[in-house]
Amino acid sequence: MGIDLSGKVVIVTGGAKGIGEGCVQKFVDANATVVSFDLDGSSLKNQASKYSKLESRFSSHLVDVSNEAQVKDAVSKVQETYGRIDGLINCAGIQTYGSVVDTTEEIWDKTFNVNVKSMFLTAKHVAPIMIAQKSGSIVNISSVQSLMSQKTVVAYAASKGAINSLTRASAIDLAIDNVRVNAILPGSVDTPMLRTSADMHRGEKSVEEVLSDWGAGHPLGRIAKSSEVGDLAVFLVSAESAFITGQSIAIDGGLSIQVPVILPGK
Ligand code: NAD
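Thresholds, definitions, all that
- Residues numbered from 1 in each chain as written.
- Predicted model: local features only at pLDDT ≥ 70, side-chain atom pairs only at ≥ 80, totals over all residues.
- Heavy atoms only, no water.
- Near = heavy atom within 4 Å.
- Polar contact = N/O pair within 3.5 Å; in protein donor to acceptor, adjacent residues only side chain to side chain.
- Areas by Shrake-Rupley, 256 points an atom, 1.4 Å probe, with all protein chains shown as cover.
- Helix = DSSP H or I, 4+ residues; strand = E, 2+ residues; numbered from the N terminus.
- Nonpolar A, V, L, I, M, F, W, Y, C, P; charged D, E, K, R; others polar.
- Axes fitted to C-alpha atoms, helices over the stretch in contact; angles between N-to-C directions.
- Parallel < 35°, antiparallel > 145°, perpendicular 65-115°, else oblique.
- Left-handed = near helix turned anticlockwise from the far one by under 90°.
- Contact = heavy atoms within 4.5 Å.
- Domains from an automatic or database assignment.
- Buried area = accessible area lost by both parts, 1.4 Å probe.
- Salt bridge = Lys/Arg side-chain N within 4 Å of Asp/Glu carboxyl O.

**With respect to the site of the ligand**
Reasoning step 1: Neighbouring the ligand are 27 residues; I19, D38, Y156, V189 and T191 lie closest to it.
Reasoning step 2: Between the ligand and V65 there is a distance of 3.0 Å, counted from a nitrogen atom to a backbone nitrogen or oxygen.
Reasoning step 3: Between an oxygen atom of the ligand and a side-chain N or O atom of K160, the distance comes to 2.9 Å.
Reasoning step 4: Contact with the protein chains removes 93% of the 830 Å² of surface that the ligand exposes when unbound.
Reasoning step 5: Elements supplying a minimum of two residues to the shell around the ligand: α1 (18–29), α5 (154–174) and α6 (192–200).
Reasoning step 6: Examining the composition of the shell around the ligand, we find that three residues originate from one element, α6, more than from any other.
Reasoning step 7: For the shell around the ligand, the class distribution of residues is 14 nonpolar, eight polar and five charged.

Structure representation (structure tokens):
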């Protein structure tokens, strides 16, 4: 039997595409009421028509989650409409490239504003509602790049490390009120972001070939589907994970446990 989140209200940021979209679908499947926050108006519109049959069980807000006034306004509208918030899944994020030498101050600030400040702002405005309820679960989408790195990802990798710290620090603050905070660390996931990245780095190869090569670097031999990250997010909001807080949980097909010197063998 699957997890049943009937009666639970869950906000998914960056909900219109990629991992956020996968999370929205999985929370809908688990019978939750889902609110999608995104700044991509046309993708939000398509998503609203996809879920139109759900009526009040799905809604969306056009919001830039790096802007406090917009976050505050959108969160209070969710609270006014549904009267509670049980889950906050912070998926909105951007991938930026640059070494420590060529990353501009503007790119650094934008990366931290969208990837880290947004998660602080949404938690800042949602947590008081969860504290009053004496229950809630916040899930921050980090990355395996918070643990390990590669070339030209200085701002992105630093922002992901900051998310793990933000997760631990807020988990300790909120634990006394039974509000849990965890981070999910995906490896490569098939999303518009990953496909853009594959296109940038493909050289003579097709995007599909690059994705297949990247998948082969994961011990399980493939990249993930966004729905697989959604399944973990649903678990982390459910009562089945009631004693898990402050954790950084990898969902990476074994990518982060492999020594990169591969010995021959089966
Ligand atoms: P994506 O670009 O495919 O989707 C991100 C969504 O967030 C988009 O709908 C976008 O419009 C929205 N968004 C971006 N900035 C926003 C803002 N300021 N306010 C509101 N919405 C905003 O990206 P994705 O691959 O789904 O990535 C989602 C998260 O997962 C990111 O934090 C990313 O760093 C992380 N992640 C992705 C992968 C991967 O392989 N795809 C791996 C590890 C971690």
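Now that the structure has been shown, the text picks up again.
**Some points on the packing of helix α3 (residues 68–82) against helix α4 (residues 105–133)**
Helix packing geometry: the angle between the two helix axes and the distance between the axes.
Reasoning step 1: Orientation of α3 relative to α4, taken along the N-to-C sense of each, is 30°, at an axis distance of 9 Å. The angle between the axes of α3 and α4 places the two elements in the roughly parallel class. Of the two possible hands of crossing, α3 and α4 adopt the one that is right-handed. Each of E68, V71, K72, V75 and Q79 in α3 lies in contact with α4, whose residues at this interface are L121, T122, K124, H125, V126 and I129.
Reasoning step 2: Here the contact of α3 with α4 is built from residues that sort into five nonpolar, three polar and three charged.

**Details of the domain arrangement of the protein chain**
Reasoning step 1: For the protein chain, the assigned domains read domain 1 (9–189 + 225–252) and domain 2 (190–223).
Reasoning step 2: The distance between the C-alpha centroids of domain 1 and domain 2 comes to 24 Å.
Reasoning step 3: Residue-level contacts link 13 residues of domain 1 with 11 residues of domain 2.
Reasoning step 4: Interface area for domain 1 against domain 2, summed over the two sides, is near 980 Å², with a carbon-plus-sulfur share of 59%.
Reasoning step 5: Taken together, the links from domain 1 to domain 2 amount to one salt bridge.
Reasoning step 6: Summed over the shared surface of domain 1 and domain 2, the result is four residue pairs in polar contact (both at pLDDT 80 or more).
Reasoning step 7: Considering only residue class, the side of domain 1 that touches domain 2 consists of four nonpolar, five polar and four charged.

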